[in-house]
Structure formats: structure tokens, C-alpha cells
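Descriptive structure summary
The primary structure of each chain is shown beneath.
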Amino acid sequence: TWDSHHAQRIGMHGASITSIIPMGPQHFISCGRDQQIIQWRLNSPFPPVNTNLPVWARAACLSPDHQFLMIFDEYPYRFDLNTGDYKFQVYTRKNRKISNSMVRSAVFAPDGTSFITGHYNGQLARFEFNPKQDVLSKFLISHYPAPVQEVHFLPGESILVSGLGNGTIHFLEGPDYP
């Protein structure tokens, strides 16, 4: 339960939490190392909705239309919030310099046509949706000398901010990333 003056425990994952995604007033989703996605609704008479996954999410991001999550380990998975279905999302590499690496952080582009991922190996990549096929295209934006810990777009802007494990912050504006 929740009241406005005291924080109370409403439940838990079986292992550490890797992502918390706000969905709306008193509604959020959490992902954890226990290979679960849990949809929480505060002050609801119904229990949280749990979904078991074949992997544990290292990062997750919500589509701008709130219809699905992209969940990542080394690869992207699409989780449909309406049906609870998930699937491995096939992608093609558009640059030979891209290597597989665990994703540390992810964010959808403001227009919803692509998302950006920050990787433990220092890669910053963009995945683009192909509306004609159920395949993503992966492009390398940059390769930094430290893990990319966080990626975010500034609200209302096409400016991408990335924070690295060595303390460095980088800014890229729209046309600067492929």
C-alpha cells in the first residue's frame, strides 16, 4: 500500500532490480536479475502482474506510445505490454565495427522510430525500426574508451546525453548521430 506520507514496501524481485520505468500516475514497471518484468499499480486491489523472461534485463526502455518495452541483455527483446508476449528482435548490423556487448542503458528517440543503446564495451549504437519487415538495423554512433552507463534525450530536444564509466559526459545533437 501507499500513502503520501510514508514509503511502504509493496513487493520485491527475487534478485537486484535493473530497471524501473514510470508508466503513469501510480503505475510503473520493474525488471530484475530474477528474469522477471513486474507491472506495479499502487493502490490497486489487484496483485502485480509478473512475466518471466528467458534472460535478465540489463536495461529496458519504454516506447513513446507506451505499447511495448525494449529489453536488453546482449541482444534486444520486444515485450508487448498489451499481450505480455516477448520475442527476440532480429537485427542487422550496418557497420562492421559493431561488436556484440551487453547493453547497460537504452532510450527511445523522441520520434519513436529508433532507440539508442549504451554498451559495457563503450559502444553507443542506434537501432532503427524497419516498418516493412520485423527487423531492426543497428548503426554504430560512437565508440568511447569506457562503458556507457546512461543515455538520455533532453526533454523536447534531439540532444542525446551519454554518461561514461570514467566520469565523462558527451552531448550529440540529432544530425551528429547516424
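Remarks on the pattern of salt bridges
- All told, the structure shown has 1 salt bridge when counted by the stated rule.
- Between Arg126 and Glu128 there is a salt bridge, with its nearest N and O atoms 2.6 Å apart.

Considering the sheet that holds strand 6 (residues 68-72)
- Strand order in the open sheet made by the 4 strands is 5-6-7-8, with antiparallel pairing throughout. Two strands in the sheet have a free side with no partner beyond their single neighbour: strand 5 (59-62) and strand 8 (86-88). For this sheet the average axis-to-axis angle between neighbouring strands, irrespective of direction, equals 20°.
- In terms of strand pairing, strand 6 meets strand 7 (residues 76-80) through 5 bridges, oriented antiparallel. In the sheet register, Phe72 faces strand 7, and the bridge partner there is Pro76.

A look at the packing of aromatic side chains
- Summed over the entire model, instances satisfying the criterion amount to 10 aromatic pairs.
- Ring centres 6.0 Å apart and planes at 85° place the aromatic pair Phe68 and Phe129 in the edge-to-face group. Of this pair, Phe68 sits in strand 6 while Phe129 sits in strand 12 (residues 123-129); the two residues are 61 residues apart in sequence, bridging distant segments of the chain.
- Aromatic side chains Phe108 and Phe129 sit 6.1 Å apart centroid to centroid with 10° between the ring planes, which places their arrangement in the stacked category. Residue Phe108 is located in strand 10 (residues 103-108), and its partner Phe129 is located in strand 12; the two are separated by 21 residues in the primary sequence.

Quick look at the pairing of strand 10
- Buried residues dominate strand 10, accounting for 5 of its 6 residues.
- Across 5 bridges, the pairing between strand 10 and strand 11 (residues 114-119) is antiparallel. Within the sheet, the bridge partner assigned to Phe108 lies in strand 11 and is Phe115.
- With antiparallel pairing between neighbouring strands as the criterion, strand 10 and strand 11 make up a hairpin whose turn holds 5 residues, including Gly112 at a positive phi of roughly 80°.

Comments concerning the sheet that holds strand 14 (residues 148-153)
- Ordered by their spatial adjacency, 3 strands build an open sheet running 14-15-16, and the pairing between neighbours is antiparallel. Edge positions in the open sheet fall to strand 14 and strand 16 (169-173), since each of these has one partner strand only. If you compare each strand with its neighbour and ignore which way they point, the axes differ by 20° on average.

About the cut-offs
- Once a new chain begins, its residue numbering starts again from 1 and follows that chain's sequence as written.
- Side-chain atom pairs in this predicted model are given and counted only at pLDDT of 80 or more, local residue features only at pLDDT of at least 70, and totals for whole chains, interfaces and linings cover all residues.
- Side-chain metrics in this entry use all non-hydrogen atoms of the structure; hydrogen atoms and water are not considered.
- Salt bridges are defined by distance alone: a side-chain nitrogen of Lys or Arg within 4 Å of a carboxyl oxygen of Asp or Glu.
- By this definition, two strands are paired if DSSP reports at least two bridges between them.
- Numbering of helices and strands runs from the N terminus; a helix is a DSSP stretch of H or I covering at least four residues, while a strand is a stretch of E covering at least two.
- Between N-to-C directions, angles cover 0 to 180 degrees, with each direction set by a line fitted to C-alpha atoms, over the stretch in contact for helices.
- Working definition: rings of Phe, Tyr and Trp (its six-membered ring) pair if their centres are within 6.5 Å, and the pair is stacked with planes under 30 degrees apart, edge-to-face with planes over 60 apart, and tilted otherwise.
- Here the term buried applies to any residue with accessible area under 20% of the maximum for its type, exposed to any over 50%, and partly exposed to those in between, with areas from a 1.4 Å probe on protein chains only.

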